[in-house]
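Summary of structural features
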Amino acid sequence: MKIYSILTMIMVVVVFSCKTEEKKETKAAQTEVPEKELSIVEKLAYASGYENWNHIKKLKFTFNVNERPGRTWIWFPKKNEVIAISDNDTLTYNRNDMDSTAYAMNGKFINDKYWLMAPINILWDEQSTTTEHTTNVEAPISKKSMQKLTVTYNQQDGYTPGDAYDFYFDDDFMVKEWVFRRGNQPEPSMITTWEDYTDIGGLKLSQMHKNGDGSFKLFFTDLEVETN
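Every residue gets a number counted from 1 within its own chain, in the order that chain's sequence is written. Per-residue local features are limited, in this predicted model, to residues with pLDDT of at least 70; the limit for side-chain atom pairs, both in listing and counting, is 80 or more; totals at the level of whole chains, interfaces and linings are taken over all residues. Heavy atoms from the whole structure form the basis of all side-chain values; hydrogens and water molecules are not counted.

Comments concerning the nonpolar core
Looking at soluble globular proteins, one finds that nonpolar side chains tend to be buried together. Residues Ile-122, Leu-149 and Phe-167 are the most contacted members of the largest nonpolar core, which totals 46 residues. Here this core takes 11 residues from helix H3 (residues 100–124), the largest share from any one element. For our purposes a nonpolar core is just a set of buried Ala, Val, Leu, Ile, Met, Phe, Trp, Tyr and Cys residues, chained together by side-chain atoms within 4.5 Å. Relative accessible area decides the class of each residue, using a 1.4 Å probe on protein chains only: under 20% of the type maximum gives buried, over 50% gives exposed, and in between gives partly exposed. Numbering of helices and strands runs from the N terminus, with a helix taken as a DSSP run of H or I at least four residues long and a strand as a DSSP run of E at least two residues long.

Encoded structure:
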């Protein structure tokens with residue numbers, strides 16, 4: 001994203017030579033192409049470590065809801081291979097070539113990884129969504145003034161087309177709360193926090209999501225990242 005200039009300089013103790021290099025440097029700075037301003041979707045993704053994604057070789061995590069048995073996933077994104085472990089069963093599949101069993105399991109994988117890394121997912125999904133950004137909006141749980149990004153999926157793509165999500169975040173672009181609205185209905189289907197962030201493999205991931213009274217907890221354990 002950044003443009004770097006490499007200047008080869010020959011050290012000559014001559015005032016004219018120094019001034020010449022100074023003029024060249026000044027001219028280069030004047031003609032330098034300005035950096036592209038990131039979109040709000042990009043800012044959210046990069047705040048969560050998107051710039052390090054290409055180095056991720058393996059991502060392991062266990063998806064837990066309250067006291068229920070968790071689902072463990074081992075994902076090899078470069079090979080697009082997934083190992084699903086749940087209820088003492090293990091299924092290995094490649095997302096480029098799925099039978100009906102793998103397709104059904106992949107729906108759960110899509111759901112679970114979205115909870116883990118939605119700020120990066122919405123950048124990947126950008127072609128399938130519309131977005132609306134507003135500022136100085138009251139967050140639903142904390143009641144603090146935050147920015148809000150509404151992401152609405154189209155009616156054609158994915159396992160649950162047409163759903164909408166409202167992301168609430170501060171100026172650091174780290175998601176603090178969100179609202180899920182099934183089928184883009186006006187009323188919330190679910191509202192939770194995004195908290196207990198950890199930095200692992202260059203990714204910043206929220207390990208805990210709770211509703212307002214804490215009776216619902218969706219959280220991640222066994223987080224492991226392997227990079228190359």
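A look at the side chain of Thr-62
With respect to the helices and strands, the residue Thr-62 is situated in strand E1 (residues 56–65). We define a polar contact as two N or O atoms separated by no more than 3.5 Å, with the added condition that, inside protein, one atom must be a possible hydrogen donor and the other a possible acceptor, whereas residues neighbouring each other in sequence contribute only through side-chain atom pairs. Within the structure, the side chain of Thr-62 is placed 2.7 Å from the side chain of Thr-72, a separation counted as a polar contact.

Considerations on the confidence of the model for the chain
Chain-level statistics for the chain give a pLDDT mean of 87 and a share of 85% at 70 or above. Every residue carries a pLDDT, the predictor's confidence in it, which falls somewhere between 0 and 100. Contacts are residue-level and defined by heavy atoms, with any inter-residue pair within 4.5 Å sufficient. When the criterion is pLDDT under 50, residues 1–31 qualifies, and its contacts beyond four places in sequence or with other chains add up to 10 contacts.

Thoughts on the sheet that holds strand E12 (residues 217–227)
Strand order in the open sheet formed by seven strands is E4-E3-E2-E1-E12-E11-E10, and the pairing between neighbours is antiparallel. Both outer strands of the open sheet, strand E4 (89–94) and strand E10 (195–200), are each paired with one neighbouring strand and no more. Averaged over neighbouring strand pairs, the angle between their axes works out to 15° when direction is ignored. Of the pairings in the sheet, the one linking strand E3 (residues 81–86) to E4 comprises six bridges and is antiparallel in character. The residue of E4 that forms the bridge with Ala-84 is Leu-91. Note: two strands are recorded as paired if DSSP finds a minimum of 2 bridges between them. Angular values range over 0 to 180 degrees, each being the angle between N-to-C directions of two axes fitted as lines to C-alpha atoms, with helices fitted over their stretch in contact.

A closer look at the pattern of salt bridges
One speaks of a salt bridge when a side-chain nitrogen belonging to Lys or Arg is within 4 Å of a carboxyl oxygen belonging to Asp or Glu. Per the counting criterion, the structure on display carries 11 salt bridges. Its salt-bridge partner being Lys-60, residue Glu-224 comes within 3.9 Å of it at the nearest N-O pair. Within this pair, whereas Glu-224 is found in strand E12, its partner Lys-60 is found in strand E1, the two being separated by 164 residues in sequence. Glu-224 gets classed as partly exposed once you look at its relative accessible area, which sits at 38%. In this structure, Asp-199 engages Lys-204 in a salt bridge whose closest nitrogen and oxygen atoms are separated by 3.8 Å. Salt bridges here are not isolated pairs; linked through shared partners, they connect Lys-57, Lys-58 and Glu-226.

Some words on the packing of helix H2 (residues 40–47) against H3
Packing of H2 against H3 leaves a shortest axis separation of 8 Å and a crossing angle of 140°. Taken together, the axes of H2 and H3 lie oblique to each other. Two packed elements cross with a definite hand, and for H2 against H3 that hand is left-handed. Between H2 and H3, the residues in contact are Val-41, Glu-42, Leu-44 and Ala-45 and Pro-119, Ile-120, Ile-122 and Leu-123, respectively. Each residue is assigned to one class: nonpolar for Ala, Val, Leu, Ile, Met, Phe, Trp, Tyr, Cys and Pro, charged for Asp, Glu, Lys and Arg, and polar for all the others, Gly among them. Its residues assigned to classes, the contact of H2 with H3 comprises seven nonpolar, no polar and one charged. Should an angle fall under 35 degrees it is taken as roughly parallel, and over 145 as roughly antiparallel, whereas 65 to 115 is taken as roughly perpendicular and any remaining angle as oblique. In this scheme, a crossing is called left-handed if the near helix is turned counterclockwise away from the far one by less than a right angle; it is called right-handed if the turn is clockwise.

Quick notes on the packing of aromatic side chains
Aromatic pairing here means that ring centres of Phe, Tyr or Trp (its six-membered ring) are within 6.5 Å. Orientation follows from the plane angle: under 30 degrees is stacked, over 60 is edge-to-face, and everything else is tilted. Using the criterion set out here, one finds 19 aromatic pairs in the structure. Ring geometry for Tyr-114 against Tyr-153: centres 6.3 Å apart, planes inclined by 65°, an arrangement best described as edge-to-face. Of the two residues, Tyr-114 sits in helix H3 while Tyr-153 sits in strand E6 (residues 145–153), which places them 39 residues apart along the sequence. Residue Tyr-114 shares its accessibility class with Tyr-153, and that shared class is buried. In our convention, an over-ring charge means Lys NZ or Arg CZ found within 6 Å of a ring centre and within 35 degrees of that ring's normal. Lys-79 extends its terminal NZ or CZ atom over the ring of Phe-76, reaching a point 4.8 Å from the ring centre.

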